[in-house]
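Listed here are the chains, written in short residue letters.
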Amino acid sequence: MELPNSARAVVIGGGVAGCSVAYHLARLGWSEVILVEQHELTEGTTWHSAGFVGQLRSTVTQTKMIMYSAGLYPELAELTGMDPGWHGVGGLRLATTPERVEESLRLAGAGETYGLGLSVLSGAEAKEMLPLLDARDVRAALWLPGDGWLDPALLARALAAGAEKLGVRIFTGTRVTGLDVVGGEVSGVRLALGAEGWSVQADTVVIAAGAASGRVGRLAGVDIPVVPIKHQYVVTEPFDVPSSMPTVRDPDNIVYFREEGGGILVGGYIRTPEIWDTGHPLEEPRTLFAADMPKFQESWESAARRVPALGRTGIVKVVHGPEAFTPDGEFLLGETAVRGLWAAAGFCVHGLAAAGGVGKIMAEWIVDGSPEYDVFGMDLRRFGGHARSSSWARAKALDSYSKYYDIVYPGEERTAARPLRRSPAWVRHAELGAEFGEKSGWERVNWFKSNAGPSPEAGEARPAGWAGRIWSPAIRQECLATRDAAGLFDQTSFSKLEISGHQALMRLQRVCAGQLDRPPGSIVYTQLLNEHGGIEADLTVTRLAEDRFRLVTGTAFGVHDAAWLRGHGLDVRDVTSAHACYCLWGPRALDILGTLSDDDLTFGYMRAREISVGNVPVLAQRVTFVGEFGWELYCPSEYGLTLWDTLMEAGTPYGMRPAGYRAIDSMRLEKGYRVWGMDITPETTPVEAGLGFAVAKDKDFLGRSALEAAARRLACLVLDDPRQVCLAGEPVRLGGEPASRVTSGGYGHRVERSIAYAYLPAGTVPGDRAEVGVTGTWVGATVVAEPLYDPASSRIRHLPA
Ligand SMILES: Cc1cc2nc3c(=O)[nH]c(=O)nc-3n(C[C@H](O)[C@H](O)[C@H](O)COP(=O)(O)OP(=O)(O)OC[C@H]3O[C@@H](n4cnc5c(N)ncnc54)[C@H](O)[C@@H]3O)c2cc1C
């Protein structure tokens, strides 16, 4: 078969990911797709993988992807003519501590909401299912009948065979040595072939090069922060283990195992992982490392405690291979900074399980512009510019590997590679005992310990369960101060994008659902929609001048939103680092700012003005995310510390307090303000989300034709027991039947209610009853009219009395 000179798409890498992407592109009808692999198929990481397909993950999208895989794999033999050796034996996930039981119940609750078949067993029931287990310390086990395992190489070959059947051409022994980029768009790949080499023109290229993806990405100057880390498993001699044995995960002991050849295959995570330090990952086929039994000792001993028969069994095989990890343990999928150049890599020991879903998502994304699932958590544009730093990526990846099986409490903060990005006022926050959280590398204040004070009611106020774990009485004090006087919030980490030029308005009007054709000084809250009407971004747009607009979006969303806009023909300048931003909100905000400015501060809601605050030039935007009167105050970064000090000095006598993101989150729930990635996603439309008010009726825009009457609506629930607080992901039942899951939840200190939002059938009305599963406990809840706080918004719109 001869290599062509051009192709519709070139997939680089013949591992399970590349084969699945090629197969799914062909399934969506793309012809002239070629796959190039430098060795034989699967000879990177795939061939030696342990073959587990476990569906339950901590994120909805990962679980959905693996559910899709687990549905596809048993059918592959028929679809492709090649059997991947699927063993649908089911899987057990053990819990030996009260905290792990809570986690299991939370995961089981979440699983219910997306139709994952699973049940909660006792330790004795788990032992009955698998008599080899020592289950004396097992407090509970999740049983996932749809889990299983297969032969990794056969899986990749089956996907490749399926792709070939649909017209994909596969070229092995063909190394990519260059990527051609013209005007920011990929135009082809260069291959090592003969003395001259060979070029294939293509405007769609997918890097699925496993642990070598970072290296291949650099051929086009893009950063794909995969970190190759060594991972190990062993296989014992046979001892009559039945082939029907379920797979087992024992996260408290950081091991997993299954049957293999009548013996057991034991894999384990370790606390001291090792990077594969090479400039040429996967350049040799079938790379394995020497066995490192000292590193495997803990896993082996844990497994032998769990399956005592292992203590009498010898190890006959050790597999120690490279795997591509990522800074946050999530996959790296999507389009790179070069248009048409995509990546599907960084599978963190789930590549096999996820491959089906990865292929589906990537193909939909490439062919249709957006995939069915919300993939922001895996979108490779989720990192900031620091993604190019290998020392940053390595520190983060080692950290996430070493804590892989630890329980992840929502709101828990990792410490690796911090601090990185800091606001000009960071020093002041540190002096005040700020509890910092990290987002996209930014240090952001969660709350100020100095606000906790001696609070006699603190013990009583602490929410029950997980919501009370990462919590402080300071959050309440910050909310109440904002309600009664003022709060000062450092939101410097906001992503700020600028678009200018004579076509700026016209182009923005095309992608924004809101009406932007308003006078300079106007601020518009708007969404960017995809072709299906799903919300791709949620931001404010300030018209700074006739032909100049500033977009403000969430800390973590700047790179993503800018890429979306650029993908739709806009010229975007990221000015995040140029401006500090402090939000002064509360009924005394006008008094406080009045002491610092001679400017007229009475300009209206959703208006922006240039003013002076003390000696500092400021752009004041009359908007709020907490439901109180006030402004976002932007100044050039070098004035940032001065502005913070000025505001603190002026505000403190009025009872103003510095405040953090946890207070913002509580107050925005009370006001029903949506958060992108949680309440609103590419899978939800503005109509469903109750954001119809932000959609222009008098113009056309991308996604408009897909907006239709919604069958479900984002609804506000108040829990009967105010100490039971949701953290998102909890299942919601109506009439005892699974109905939905919580998109975001928390405690509202101004309304003294435990609040949760969830998509419910459109006919649901205030007063309807529901049940919410908070860590295994079903708590009654009532659907209420929203927002709960200041429904007429008089505190925002009018000047404080
Ligand atoms: C010990 C171990 C056990 C594992 N167990 C499991 C498990 O039980 N379940 C699970 O889901 N996952 C498991 N994994 C992870 C899983 O194996 C991987 O996530 C998956 O195989 C990755 O597939 P891939 O296609 O991304 O990468 P690879 O299989 O590495 O494929 C990438 C391909 O790209 C090719 N390539 C690279 N550069 C070029 C170039 N310049 N030109 C052309 N081709 C190139 C390579 O040769 C390679 O074949 C395990 C991993 C390890 C190390």
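Cut-offs applied
Residues numbered from 1 in each chain as written. Predicted model: local features only at pLDDT ≥ 70, side-chain atom pairs only at ≥ 80, totals over all residues. Heavy atoms only, no water. Helix = DSSP H or I, 4+ residues; strand = E, 2+ residues; numbered from the N terminus. Contact = heavy atoms within 4.5 Å. Pairing = 2+ DSSP bridges. Axes fitted to C-alpha atoms, helices over the stretch in contact; angles between N-to-C directions. Polar contact = N/O pair within 3.5 Å; in protein donor to acceptor, adjacent residues only side chain to side chain. Near = heavy atom within 4 Å. Areas by Shrake-Rupley, 256 points an atom, 1.4 Å probe, with all protein chains shown as cover. Nonpolar A, V, L, I, M, F, W, Y, C, P; charged D, E, K, R; others polar. Parallel < 35°, antiparallel > 145°, perpendicular 65-115°, else oblique. Left-handed = near helix turned anticlockwise from the far one by under 90°. Buried < 20%, exposed > 50% of the residue type's maximum accessible area, 1.4 Å probe, protein only. Phe/Tyr/Trp six-rings, centres within 6.5 Å; stacked < 30°, edge-to-face > 60°. Lys NZ or Arg CZ within 6 Å of the ring centre and 35° of its normal.

Turning to its location among the elements, Gly162 is positioned in helix H5 (residues 152–165). Separated by 252 residues in sequence, Gly162 and Arg414 place their C-alpha atoms 42 Å apart. Beyond its immediate stretch of four places on either side in the chain, Gly162 contacts Tyr23 and Thr80.

Overall, antiparallel pairing links the three strands, which are arranged E9-E10-E11 in an open sheet. Of all strands in the sheet, those with a lone pairing partner are strand E9 (175–182) and strand E11 (198–201), marking the two edges. On average, each strand axis in the sheet is tilted by 25 degrees relative to the strand beside it, whichever way the strands run. Sheet topology places strand E10 (residues 185–192) next to E11; four bridges connect them, and they run antiparallel. Looking across to E11, one finds that Gly188 is bridged to Gln201.

Within the secondary structure, Asp721 sits in the loop between strand E33 (712–719) and strand E34 (731–734). Expressed as a C-alpha distance, the spacing of Asp721 and Ala781, which sit 60 residues apart in the sequence, is 8.3 Å. Residues within four places of Asp721 in sequence aside, it is in contact with Ser754 and Val779. At 2.9 Å, the side chain of Asp721 forms a polar contact with the backbone nitrogen of Arg723.

Here we come to the sheet that holds strand E35 (residues 737–748). In a beta sheet, neighbouring strands pair by backbone hydrogen bonds and run either parallel or antiparallel. In spatial order, the strands read E33-E36-E35-E34-E37-E38; together these six strands close into a barrel with antiparallel pairing. Each neighbouring strand pair of the sheet contributes to a mean axis angle of 40 degrees, computed without reference to strand direction. Across six bridges, strand E37 (residues 769–774) lies against strand E38 (residues 777–784) in antiparallel orientation. Looking at the pairing, Val772 lines up with Val779 of E38.

Right, let's get into the site of the ligand. Every one of the 38 residues lining the ligand counts as a neighbour, but Glu37, Thr45, Thr46, Glu323 and Ala353 are closest to it. Backbone polar atom of Gly51 to an oxygen atom of the ligand: 3.1 Å apart, as the coordinates give it. The contact in question runs from an oxygen atom of the ligand to an N or O atom on the backbone of Gly351, over 3.1 Å. The protein chains hide 98% of the 1,000 Å² of surface that the ligand would expose on its own. Within the shell around the ligand, the residues separate by chemical class into 18 nonpolar, 17 polar and three charged.

This brings us to the packing of helix H1 (residues 16–27) against helix H8 (residues 351–368). Closest axis-to-axis distance for the H1/H8 pair is 8 Å, and the angle between their directions is 40 degrees. The angle between H1 and H8 falls in the class oblique. In this structure, H1 meets H8 at a crossing whose hand is right-handed. Only Gly351, Leu352, Ala355, Gly356, Gly359, Lys360, Met362, Ala363, Ile366 and Val367 of H8 make contact with H1, whose side of the interface consists of Val16, Ser20, Val21, His24 and Leu25. Looking at the contact of H1 with H8 residue by residue, the class counts come to nine nonpolar, five polar and one charged.

For the rest of this paragraph, the subject is the pairing of strand E25 (residues 535–545). Along E25, nine of the eleven residues are buried, which leaves the element largely enclosed by surrounding structure. Pairing of strand E24 (residues 523–529) with E25 involves seven bridges; the strand directions are antiparallel. Looking at the pairing, Gln527 lines up with Asp538 of E25. Two successive antiparallel strands, E24 and E25, enclose a turn made up of five residues, where Gly533 displays a positive phi of approximately 85 degrees.

Here Tyr654 is to be found in the loop between helix H16 (640–651) and strand E32 (657–659). A relative accessible area of 25% places Tyr654 in the partly exposed class. The spacing of Tyr654 and Ser20 is 634 residues in sequence and 61 Å in space, taken between C-alpha atoms. Setting aside residues up to four positions removed in sequence, Tyr654 forms contacts with Ala485, Arg588, Asp591, Ile592 and Thr595.

Our focus in this paragraph is the packing of aromatic side chains. Taken as a whole and judged by the stated rule, the model has 22 aromatic pairs. Considering the side-chain rings of Phe557 and Trp676, the 4.9 Å spacing of their centres and the 80 degrees angle between planes classify their relative orientation as edge-to-face. Note that Phe557 is positioned in the loop between strand E26 (548–553) and helix H14 (558–567) and Trp676 in the loop between helix H17 (661–670) and E33, a separation of 119 residues in sequence. Judged by its relative accessible area of 15%, Phe557 falls in the buried class. Residue Trp676 is classed as buried on the basis of its relative accessible area of 5%. Residues Tyr582 and Trp644 carry aromatic rings whose centres are separated by 5.2 Å and whose planes lie at 65 degrees to one another, so their mutual orientation is edge-to-face. Here Tyr582, found in strand E28 (residues 579–585), pairs with Trp644, found in helix H16; they are 62 residues apart in sequence, far enough to count as distant. Put simply, the rings of Phe52, Tyr256, Tyr269, Phe325, Tyr401, Tyr404 and Tyr405 touch in pairs and so form one group of aromatic residues. Positioned above the aromatic ring of Trp30, the side-chain terminus of Arg8 is 4.1 Å from the ring centre. Lying across the ring of Tyr661, Arg444 places its NZ or CZ 3.6 Å from the centre.

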